[in-house]
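Overview (structure and organization)
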Amino acid sequence: MSERSGKVQTVLGLIEPDQLGRTMTHEHLTMAFECCHVPPAPGDEDLATAPIKMKNIHWLQQNPYSHKENLLLNQETEAVKEELLCYRKAGGGTIVENTTTGIHRNLPVLRQLAKDTGVHVLAGAGYYVDATHSDETKKMTVEKLTDIIVSEVLHGADGTDIRCGVIGEIGTSWPITESEKKVLRATAHAQTHLGCPVIIHPGRNKAAPAEAIRILQEAGGDISKTVMSHLDRSIFDHGELLEFAKMGSYLEYDLFGTEMLNYTFNLDVDMPSDSQRVQILAFLIKEGYEDRLLIAHDIHTKNRLTKYGGHGYSHILKNIVPKMLSRGITQNQVDKILIDNPKHWLTFK
Ligand SMILES: [Zn+2]
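Residues numbered from 1 in each chain as written. Predicted model: local features only at pLDDT ≥ 70, side-chain atom pairs only at ≥ 80, totals over all residues.

1. A closer look at the overall build of the protein chain
The helix and strand tally for the protein chain stands at 12 helices and 10 strands. Its C-alpha atoms give the protein chain a radius of gyration of 19 Å, near enough to 20 Å, the size a compact globule of 349 residues would have. Across the 349 residues that make up the protein chain, the buried fraction comes to 49%. Long-range pairs, those at least 24 residues apart, make up 80% of the contacts in the protein chain between residues at least 6 apart in sequence. (Helix = DSSP H or I, 4+ residues; strand = E, 2+ residues; numbered from the N terminus. Rg over C-alpha atoms; globule rule 2.2 N^0.38 Å. Buried ≥ 20, exposed ≤ 12 C-beta atoms within 10 Å, placed from the backbone. Contact = placed C-beta atoms within 7 Å.)

Structure, rendered in structure tokens:
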């Protein structure tokens, strides 16, 4: 048995699972997303370079990826700190920070935020999508990638002694690239060695979540300790959703607060509203999946912060929980989704 067994690993060290409290399982506190910049529509060039102001907030909410400065969440550490203090006041305990190699993970900032706010923060090991893999990463063998991921959990990442407490979000595109397949296999091998939680970012296709799970499964990964992120924008048909749910991963609805018409990364997607997300949660609970559900906001751009007119990290606790309760989800089920399920996922075997 390792020293991590039965514990949760935060950026400040190991803690008891019962200390976590209410947990957002997919957020970012500092990252940069230039990798995914989308050129503005013709005629919107001025908006795309203008400073963020009240009068362009709505444009920004509809076009968050077309404003380069909006993609630099790493410039907002002071605002994020304030938000985390509000999150604690609202009853929040823990944030799983999913920033991996490729989107500017910054472990010293995460550690400082955890110290300054009292919120437990868990950091993520591994790699984001192929478009952010360096040439060096692409050349690595599965064994080499496994060694790096294991080391990020056991010893610390990015030249620091700050240890990651989960593997992921591991990025995949659609179709899944060769380099991403190697990272998925390395993730499964590292998980087998460490008994740790894993979280996956699927490509934007309804077949993508199952394909990623199959690759992990074939490489020996523990699917019951794996989270599939972003189901809100991935699988829409209820029958297909139940088919996927049978594979046994945690099912994460993590785009709460994001309501936009034209989802630029996949225009075929009708991004659900928060009300529709709550309806899907109620449906999955009715189908017997209350022990598998997780929720979060996946804040990754400036416009989602309250400083810029966004919903902030407390939106679920302040607005979504009352909505869940008013739509037939019980307090006990809410507590499972926010406290018990994250706790079981995050505890090392
Ligand atoms: Zn994310």
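2. What about the UniProt feature "binding site: a divalent metal cation 2" (unreviewed entry) in the protein chain?
Within the UniProt annotation, "binding site: a divalent metal cation 2" (unreviewed entry) is assigned to E169, H201 and H230. Of the residues just listed, which span 62 residues, no C-alpha pair is farther apart than 10.8 Å, and they cluster in one region. Here H230 lies in the loop between β8 (226–228) and α9 (238–245). For H230, a count of 21 C-beta atoms within 10 Å translates into the label buried. In contact with H230, not counting residues within four places along its chain, are H201, P202, D254 and L255. (UniProt positions renumbered as here; feature names shortened; annotations may be inferred.)

3. Brief notes about helix α11 (residues 315–326)
Spanning 12 residues, α11 covers 16 Å between terminal C-alpha atoms, matching the ideal 16 Å at 1.5 Å per step. Taken together, the buried positions of α11 are H315, I316, I320, V321 and M324. Buried residues in α11, looked at end-on, bunch into an arc of 140°, giving them a common side. Facing away from the buried surface of α11 by more than 90 degrees, the exposed residues are P322 and S326. Buried residues along α11 sit in contact with β3 (22–27), α10 (274–286), β10 (293–295) and α12 (331–346). Looking one or two residues past α11, G328 carries a phi angle of roughly 90°, positive in sign. (Expected span 1.5 Å × (residues − 1). Arc of directions from axis to C-beta.)

4. Here we look at the packing of α10 against α11
Orientation of α10 relative to α11, taken along the N-to-C sense of each, is 50°, at an axis distance of 10 Å. Accordingly, the angle class assigned to the pair α10 and α11 is oblique. The two elements α10 and α11 cross, and the hand of that crossing is right-handed. Here α10 contributes D274, V278 and L281 to the contact with α11, which in turn contributes I320, K323 and M324. Considering only residue class, the contact of α10 with α11 consists of four nonpolar, no polar and two charged. (Axes fitted to C-alpha atoms, helices over the stretch in contact; angles between N-to-C directions. Parallel < 35°, antiparallel > 145°, perpendicular 65-115°, else oblique. Left-handed = near helix turned anticlockwise from the far one by under 90°. Nonpolar A, V, L, I, M, F, W, Y, C, P; charged D, E, K, R; others polar.)

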